[in-house]
Every structure is written in structure tokens, then in C-alpha cells.
Amino acid sequence: MADHPPADGWIGASLLRKEDARHLLGHGMFVADIRMPGLQDIAFVRSQMAHANVRQIVKPPEAAASVFTLADLGPIAILEAGPELAAHRHSPYPPLADGRVRYAGQTIAACMAPTRAEAEDLADRVTAELEELPAVVDCVAAMLPDSPRLFEHWPDNAFITGNVTEGDPPALQAAPVRLRRKFRMNRQATVSLECRGVLAYWDHRNDELTVHLSTQGGHVMRIAIAQSLGLPEHKVRVIAPDVGGGFGGKNRIMPEDIAVCAIAMKVGHPVRWIEDRREHLIASVHARDHTYDLTISADRDGTLLGVEGDVYIDAGAYSLWPTGSFMEASMASRNLTGPYRIRHLKLNTFTVATNKAPMGPYRGVARPGACFAIERLVDEVARELGREPFDLRRQNIVTAAELPYRTAAGMRLDTGDYVQALDTARDMIDLPAIRKRQEVGESDGRAIGVGFAFYTEQSGHGTVEWVKRKSRVVPGYESANARMLPDGSVIIHVGVQNHGQGHETTLSQIAAHELSIDPSRIAIKYGDTATAPFGFGTFASRSIVFSGGAVARASRMLIDKLKRIGAHLMQTDPANVRIEGGEVHGPSGSVGFAEIAYAANVRQEHLPAGMDPLLDVTATYEPTETGGVFAYGTHAAVVAVDPDTGTLEILDYVVTEDCGTMINPLIVDGQVQGGIAQGIGTALYEEIPYDEIGQPLATTFGDYMVPCAPEIPTVRMAHIVTPAQATEYGVKGLGEGGAIAPPAVLANAVADAFRKIGASFNETPLTPRRVSEAVARARRARDDAA
């Protein structure tokens, strides 16, 4: 390629992703692909009960040395997870059970053998004698005084409780319209394409523990591994090879990670554990599982006044290091008002321990639940007042003239045009035409409904925000190391971790923009704590803001030195030169980067006097507004629903979104489409139910439904570009946005289809049974009233 960008520059160019070629050709390298001499596999003995005392673990005598219990691992430090708040209760989570198991699937023992099949056979011969205890599976009931306790020294089952009070909530009692509704977003798994995996061994040459880990952030995981095993961090190297998705599920240290590392230090050869899909569904990081009991107040003219009520987060049995799940309740309450002018708020939040797998920060964290609750409430108010739900939204949404706008819960909405996003979605979906179609009716008896939902997505939040949350790890910056090699090509090491976002492409576009060279001459490297500068990894839609900013800053530092060396070689003042097309141009000529880089690296006698050799710089970056910037958008959907079977078809789906300046629009569209696919899973398919004794009832893909290609509609998109004011290039994060609104928009569409009979759809997923039963209830209520 030539060092000449497209007409509009490298920023904004829809380049194909660099990383796709190796994956499409089967040349990717994941943890399960790594082969080493002497490698043995691990299979875990897991609890068959949700809550029990471990009375005895009996090893097969002939293979006792290959079975490891907690006592066999040696000294293990159990890290305290959750916020640095005295009110947050500690839930020690050992890598293998220490006398008590608190969910079905918890690890009890680890079995090692030359193959996974042999390890599983060995696990079947281990006997774990368990004394069953009462299980707690409902997070609301778990807070009743007579509920069994997960941790006997706790006064109740709450990890932490809180409240948010803003405005004048008592005044809401006199509001003309007050509607109380309960909403439920059920538990699901992250279902990344690649399950978790860890391979560890002691590297005698480097005298360090080397850990190949499928993770979203190797540096932070290294801290946990070193502290857990009592090693100095320079004795631990974490390598994340290709990672097949994470969605928050690979951003916490897990018991299997520590157990495998501890065993590797004991046995002196590589050991590996690759999670299978059943383990993933029963014992990996779970998500969602929110219950909302809310009352919304409004005036008769449709002005939304306030929201009151309770928010319950089912966090499972343990907090996961570092932050646990305490942010779910905080984010749910802080995002609950959405982009609406709701000035009065009184919420009680409960983060509750139950006998289920621990919960983590799945894509969107608490925002899908909060969006589902508020957007359903807005529709319910519109129904109560006989208004068009779209018009009620438009009446109450914050306008561009009001931005920046601080919500009742303290969120600072910064830039954008929310009304434009709404209007564009309405026009794309053609709301008047849908209303006419509803009047005519469908010949096949299905009901047609249209729904809208608006979302905001906080991204790029820095030090101040994380300190305010009392986080144990404060991911307030990212770093980038840029080095130009003797031939003028560039390697940039970053601390974020690519697992599907396209970092190798977008970050190289940013560097190409700054350096005026083709992205093909720039390599983005990541995933190895031995070579990458310290960073916090990829999560919370932060990478393009933080890592993009660090890459830009490091590239400019390179430019500064390139200019000084180039000016020296051309015998002119640095103020007289400029960068263009991979060259330094002066008043009477130019010199290419390759010549400059060769001088800097190989022929240092050509450098200006007193200048150090090398073109090698490291930069860090944090946005100037550390409270974060907000992407946003409107989703609109048209559905056809069979009232008797409850089956649903998505006829049309549109989204208008604003993620600020788009570095690569093609990747933006892919991120939005992928997020919507996951959001449809939350809305219609994915659920891990538990029975009354805490047994998970969806342990294979035969029971756990995920949307596949036929269930995912062609999404029509429109982009509004309002650059952020506090970030490089005006970018905003977008990785989670697509997943936030689908549950709300699809529930609103289904409710709209049955608005004449007043059916309510307040629980996800909207399975055919739930939909048909809701319709049947509404029909009975209508008939009884008649």
C-alpha cells in the first residue's frame, strides 16, 4: 500500500479488519490450540448441590497424587472482592471448596490426567460427601428475615444495600398518575464463542510462572494471580492469545484460574483446563437477574415526574475479584431515569447473595435492565393517558439545547441530539404506516406491534468515576508504547485486549492518521504482560477512548522526534518542517521515515548532538472529563405475534445511534449488529432458570436458547455524529450500546400489538409461553370485566 490515505483520511475509513484473515483461514491461536511437551489436562469435581457442607473428599487410592483438594494446593490468599466499603460484606471464594459449597457447579477438587477424557474419568471416581443445606434461589425472598443464610455471620443475605434519593419524592404522592409495575430480567450466561481456558507452567529459563489465559485484561489478572499465590509480580507472566469473545465474563479472576496455576507450580509440567459448554452454563460468570418493583408518577399532560421503588440484583453466591457485582445496583439506579427529565427519585437497592453461580459485568452491565424498566414504564404511562408512546417520549426527552444535562441520579449527559435520534427512528420505521396496518389487521391472525426504546451508554469514565465507586482497581488511564523500526514500520504495544472489537485495525488507523503512513505498516500488539505497557484491558466500552487516546499521544511523540531528526538531516530548523506521506518535508526537500528511523536506530552518528538514539516512546491517556462520555440511540422494532402460540417474528428493526466520531464505520456497524443480536437473546431466548433447591435447569444448548442467524433480523442503521468534547477525535464508546435497548423495544412492541386488551409483558425473555399466557390473562380479564 502507498502512504496516501483515502480522500477523507484514515479516521472514518471503512477498512476491512486486519484480524479477520487469520480467523477466516483457521490460523487463529486460542488457549485450546496451544500444545506443549508434557501437557496434562484438568477436569474439576463440582458440587451436585446448591448449598452443602463438604464432609469428606475421597480420592481413588491408585490416583491420589493426581487429585487436588484445597489443602493440596498450598497456601492460597483469598482476595477480598468488591468495593472498598465497610458496608460491603466479604464472601471468601476459594479456588476449591473449603468445607462449604454455595452453588451447584462450584469446584471441589481438580483431577489431572494426560487427556481431558481421562481427567473426567478420574473425576467420576472421586467421592465428595456432602451434607445438604437449605438453598436460597429467589433474591427478593432471600431478604426476608426467616431466609436461610449463605454466610452464617451475615445478618441477612445482602452483599450491600443502598438508596438513591433526589428531588422531592414525598411530593409524588399527590401526582395525578401513579403506576406501579414489577419487572423481571432473568439470569443468563455470557455465551462467548470461546469458553474460558487457562494453561500454566513454570518457565525454568525465565524463572517465572507463565499463564496462557483467555482474558480481557492480562495485567489485572497478573495482580490477582501473584497475590493469590504469594509471588512477586515479576515472577508471573500472563499471555492472552486470541480470545474468542468476553462480554465481561473474562474480566474477573475465577477459581479455576488460581487452581490451575497452583497445580502447575506443584507438578513441574504444563497443565491446562478448557471450559466445556456445560461448565460455562452452570459455573461461569452469569449475568442480568434483576427485579424491579417501581412506581412512576406523571402529570395528566404526560410530564414524567419521578420514580420510586426497589431494585434487586441477584449476585449469586460470591463476589468476583476485583469489583464483584456491586456496581450493578448502582448503575441500575443511576441509569434508571434514562434521558428523560425525571427530577424526583427514591430507590432502594439490594445486591443479594443466592445459591447460584456468581454474577459479573455482562455486556451493558445493568443498563439493559434499567432501560427495560424505564422504557416499559413510559409506555405504560402513555397507555394510561391514551397517548402515542412515541409522542410521550418526545415530550419528556432532554433536548440538544439542554445539554450538558445532569440527571436526577447524577449522570452528566454531554453531547448529542436525542430528539433527532427519536425522529429519525420514527421516520425509518414509518410509524404512521404501521398504525394504518394495525387498523386493517393481518390475514394470518397475527397481531402487529411497534415499539421504541431509547438508551444512553456511559463510556470512557476515568479516575474520578472509579474512585467514586470505591473500586479496588481504578482503570483511569491506558498506555501505549510506539516504536519505529529501522525500515520505518511501526509496532505499537497496548494494554487493552482485542477479543472481537477490531483493535488491530482501528488503533492502526489512529496511528496512521497521526504518522501519515499506511495502516499496513503499523502492527498493534497486545496480550502479553512481558511486552505490553501496563493497562487495564478491554471492558466498559473504554478501549477506543482510552487506548485510542494513548496511541494518538504516543504517535505524536514519535512525530516530534521524527521532525527534529529530519530537520537535522536536511539542515533546517524543526519549525520549518512538516509531516506528509511518511516523509518529513522541509523548505528545499524531504526525507523519508525509513531514512530517519535507520539513523535513529542503527546510525546514531547522524543524530543531532545530545539526542538519544531510538524512536521508542510510551504514553498514557485519560480524557479530560473523567465522568465519562455518553453514546446514545433509539431502537425501533415491528413485530408480528401469534396470540395463541406466543411465537414472535421481528419484521423490521432500526437503530439510530451516536457514538461520536467513527474511526471505522464498518466496525461500528458490526459492533451495533452484534450487540443487538445479544440483546435479542436477552429479550427473547436466553435464560438459566433454577428449581427450588437451586439446581440449574438449562445446562446445555438443548435447554439454553440462543438466537441464531435465522432469528437475527437485518438491522437498518442511521448514524448521528456528535463528537464528544473531552476525548481524542471526539470518539465515544459503543461496544455495549447495541445490547442495551432490545429487551425494552421488543417488549414494548409486543405490548403494543395487544394494547387493545391491555396485556403486559414485563419479564424477559419473552418466550412463547410467557407471551401466550399474558395474552390469555388479558383476554380473561377483559371478558370478566364485560
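Up top is the structure these notes are about.
Calculation rules
- Residues numbered from 1 in each chain as written.
- Predicted model: local features only at pLDDT ≥ 70, side-chain atom pairs only at ≥ 80, totals over all residues.
- Heavy atoms only, no water.
- Helix = DSSP H or I, 4+ residues; strand = E, 2+ residues; numbered from the N terminus.
- Rg over C-alpha atoms; globule rule 2.2 N^0.38 Å.
- Buried < 20%, exposed > 50% of the residue type's maximum accessible area, 1.4 Å probe, protein only.
- Contact = heavy atoms within 4.5 Å.
- Areas by Shrake-Rupley, 256 points an atom, 1.4 Å probe, with all protein chains shown as cover.
- Lys, Arg positive; Asp, Glu negative; His and termini not counted.
- Charge placed at Lys NZ, Arg CZ, Asp CG, Glu CD.
- Pairing = 2+ DSSP bridges.
- Salt bridge = Lys/Arg side-chain N within 4 Å of Asp/Glu carboxyl O.
- Axes fitted to C-alpha atoms, helices over the stretch in contact; angles between N-to-C directions.
- Expected span 1.5 Å × (residues − 1).
- Arc of directions from axis to C-beta.
- 1 Å grid on protein atoms, 1.4 Å probe; cavity = no way out; pocket = protein on both sides within 12 Å on 5 of 7 lines; lining within 4 Å.
- Points joined across faces, edges and corners; volume = space filled by probe spheres on them.
- Nonpolar A, V, L, I, M, F, W, Y, C, P; charged D, E, K, R; others polar.
- Phe/Tyr/Trp six-rings, centres within 6.5 Å; stacked < 30°, edge-to-face > 60°.
- Lys NZ or Arg CZ within 6 Å of the ring centre and 35° of its normal.
- Polar contact = N/O pair within 3.5 Å; in protein donor to acceptor, adjacent residues only side chain to side chain.
- Disulfide = S-S within 2.5 Å.
- Core = buried A, V, L, I, M, F, W, Y, C linked by side-chain atoms within 4.5 Å.

**Q** Looking at this structure, I do not really get the overall build of the protein. What am I missing?
**A** Across its full length, the protein carries 18 helices and 29 strands. In terms of C-alpha radius of gyration, the protein reaches 28 Å, essentially the compact-globule figure of 28 Å for 786 residues. Projecting the C-alpha coordinates of the protein onto the three principal axes gives extents of approximately 95 × 75 × 50 Å. The buried share of the protein, taken over its 786 residues, is 62%. For the protein, restricting intrachain contacts to residue pairs at least 6 apart in sequence, the fraction spanning at least 24 positions comes to 80%. Carbon together with sulfur atoms contributes 51% to the accessible area of the protein, which is approximately 28300 Å² in total. Across the protein, 76 positive and 96 negative side-chain charges occur, with their mean positions spaced 2 Å apart.

**Q** I would appreciate a short explanation of unusual backbone geometry in the present structure.
**A** In terms of backbone geometry, most residues other than glycine have negative phi values and most peptide bonds are trans. Here the residue pair Leu403 and Pro404 is connected by a cis peptide bond, since its omega of -5° sits within 30 degrees of zero. In this structure, Pro404 sits in the loop between α8 (389-396) and β16 (405-406). The omega angle of the peptide bond from Thr764 to Pro765 is 0°, so this bond is cis rather than trans. Within the secondary structure layout, Pro765 lies in the loop between β29 (763-764) and α18 (768-785). A positive phi is found at Asp289, a non-glycine position, where the angle reads about 60°. On the basis of relative accessible area, Asp289 is assigned to the buried category, the value being 0%.

**Q** Would you take a moment to explain the sheet that holds strand β7 (residues 158-166) for this structure?
**A** Strand pairs in the sheet, formed through backbone hydrogen bonds, run parallel or antiparallel to each other. Pairing is mixed across the open sheet formed by 6 strands, whose spatial order is β7-β15-β14-β13-β8-β29. Of all the strands in the sheet, just β7 and β29 have a single pairing partner and so form its edges. Summarising the sheet, strand β8 (residues 177-189) and β29 pair through 2 bridges and their orientation is parallel. Within β29, the residue paired with Arg184 across the bridge is Glu763.

**Q** How do you make sense of the environment of Ile720 when you look at a structure like this?
**A** Counting through the fold element by element, Ile720 comes out in the loop between β28 (715-719) and α16 (737-740). Accessibility expressed as a relative area gives 7% for Ile720, which makes it buried. Sequence spacing of Ile720 and Thr69 is 651 residues, and the spatial spacing of their C-alpha atoms is 56 Å. Once residues lying within four places of it in the same chain are set aside, the contact partners of Ile720 are Asp417, Gln420, Ala421, Tyr632, Glu657, Asp658 and Cys659.

**Q** Explain the pattern of salt bridges to me, please; I cannot follow it from the model alone.
**A** As a working rule, side chains carrying opposite charge can pair if their charged atoms are close by. Going through the model one piece at a time under the given rule, you end up with 60 salt bridges. We note a salt bridge from Arg426 to Asp427, for which the minimum N-O separation is 3.1 Å. The class for Asp427 is exposed, based on a relative accessible area of 52%. Across the salt bridge formed by Glu728 and Arg556, the nearest N and O atoms sit 2.7 Å from each other. Taken together, the residues Glu728 in the loop between β28 and α16 and Arg556 in helix α13 (residues 543-569) connect sequence positions 172 residues apart. Note on Arg556: relative accessible area 33%, which makes it partly exposed. Among the charged side chains, a salt-bridge network with shared partners connects Arg46, Arg116, Glu120, Arg196, Glu256, Glu275, Asp276 and Glu279.

**Q** Would you mind going over the sheet that holds strand β5 (residues 107-113) with me for this structure?
**A** If you trace the 7 strands from one edge of the open sheet to the other, you get β3-β5-β1-β12-β9-β10-β11, paired in mixed fashion. Edge positions in the sheet fall to β3 (67-68) and β11 (236-239), since each has one partner strand and no second. Strand direction decides the pairing type here: β3 and β5, joined by 2 bridges, are antiparallel. Each bridged residue has a counterpart across the sheet, and for Val67 the counterpart in β5 is Cys111. Helix-sheet contacts for helix α2 (residues 116-124) involve β1 (40-46), β3, β5 and β12 (271-274), and the interaxial angle to β1 is about 30°. Sheet contacts for helix α3 (residues 218-229): β10 (208-213) and β11; angle to β11, the most-contacted strand, approximately 145°.

**Q** Honestly, α18 in this entry has me stumped. Any pointers?
**A** Since the α-helix turns once every 3.6 residues, residues separated by three or four places project in the same direction. Its 18 residues place the ends of α18 26 Å apart at the C-alpha level, agreeing with the 26 Å of an ideal helix rising 1.5 Å per residue. By the burial criterion, the buried members of α18 are Val771, Ser772, Ala774, Val775 and Ala778. What you see down the axis of α18 is that its buried residues fit within an arc of 160°, all on one side. Away from its buried face, by an angle of more than 90 degrees, α18 presents the exposed residues Arg769 and Asp784.

**Q** I'm lost on the layout of surface pockets in this one. Help?
**A** Space left empty within the atom packing is revealed by a probe, the size of a water molecule, rolled over the atoms. Looking at the second largest pocket, its volume works out to about 430 Å³. What lines the second largest pocket is a set of 22 residues, and nearest its centre among them are Phe44, Arg46, Gln48, Arg278 and Ile282. Elements with a minimum of two residues in the lining of the second largest pocket: β1, α2, β6 (127-132) and α5 (277-283). Residue composition of the lining of the second largest pocket, grouped by class: 9 nonpolar, 6 polar and 7 charged.

**Q** How should the packing of aromatic side chains be read in this particular structure?
**A** Describing an aromatic ring pair means giving the distance of the ring centres and the angle of the ring planes. Applying the stated criterion across every chain, the model contains 16 aromatic pairs. Members of the aromatic cluster, joined through ring pairs, are Tyr93, Tyr103, Phe151, Trp154, Phe159 and Tyr318. Arg542 extends its terminal NZ or CZ atom over the ring of Phe546, reaching a point 4.6 Å from the ring centre.

**Q** Honestly, the side chain of Gln509 in this entry has me stumped. Any pointers?
**A** Secondary-structure assignment places Gln509 in helix α12 (residues 503-515). A distance of 2.8 Å separates a polar atom in the side chain of Gln509 from a polar atom in the side chain of Asn664. Discounting residues that sit within four places of it in the chain, Gln509 has contacts with Trp10, Ile11, Ala13, Leu15, Pro519, Ile663 and Asn664.

**Q** Before we go on, may I ask you to explain the state of the cysteines in this structure?
**A** By definition, a disulfide is the covalent link that joins the sulfur atoms of two cysteine residues. For the structure shown, the criterion picks out 0 disulfides. Cys659 takes part in no disulfide bond, and the closest cysteine sulfur to it belongs to Cys371, at a distance of 17 Å. Left without a disulfide partner, Cys708 is nearest to the cysteine sulfur of Cys195, which lies 15 Å away.

**Q** Help me out: how do you make sense of the environment of Glu256 in this one?
**A** The topology assignment puts Glu256 in helix α4 (residues 255-267). According to the relative accessible area criterion, Glu256 is buried, its value standing at 0%. A C-alpha to C-alpha distance of 8.1 Å links Glu256 and Leu96, two positions 160 residues apart in sequence. Sequence-distant contacts of Glu256, defined by excluding residues within four places in its chain, comprise Phe44, Arg46, Thr107, Arg196, Val198 and Trp273. Here Arg46 takes part through its side chain, which lies 3.0 Å from a polar atom of the side chain of Glu256. A distance of 3.0 Å separates a polar atom in the side chain of Glu256 from a polar atom in the side chain of Arg196.

**Q** I tried to follow the pairing of strand β2 (residues 52-58) on my own but got confused; where do I start?
**A** Two faces belong to every sheet, and in a regular strand the side chains alternate between them. Where β2 lies against strand β4 (residues 100-101), 2 bridges are found, and the strand directions are antiparallel. The residue of β4 that forms the bridge with Ala52 is Val101.

**Q** Sorry if this is basic, but what is going on with the nonpolar core here?
**A** The tendency in soluble globular proteins is for nonpolar side chains to be buried side by side. Counting residues in each nonpolar core, the largest one holds 148 residues, and the members touching the most others are Ile225, Leu746, Phe754 and Phe761. Each residue touching Phe754, except ones within four places of it in the same chain, is listed here: Ala447, Val641, Pro643, Ala759, Phe761 and Val775.

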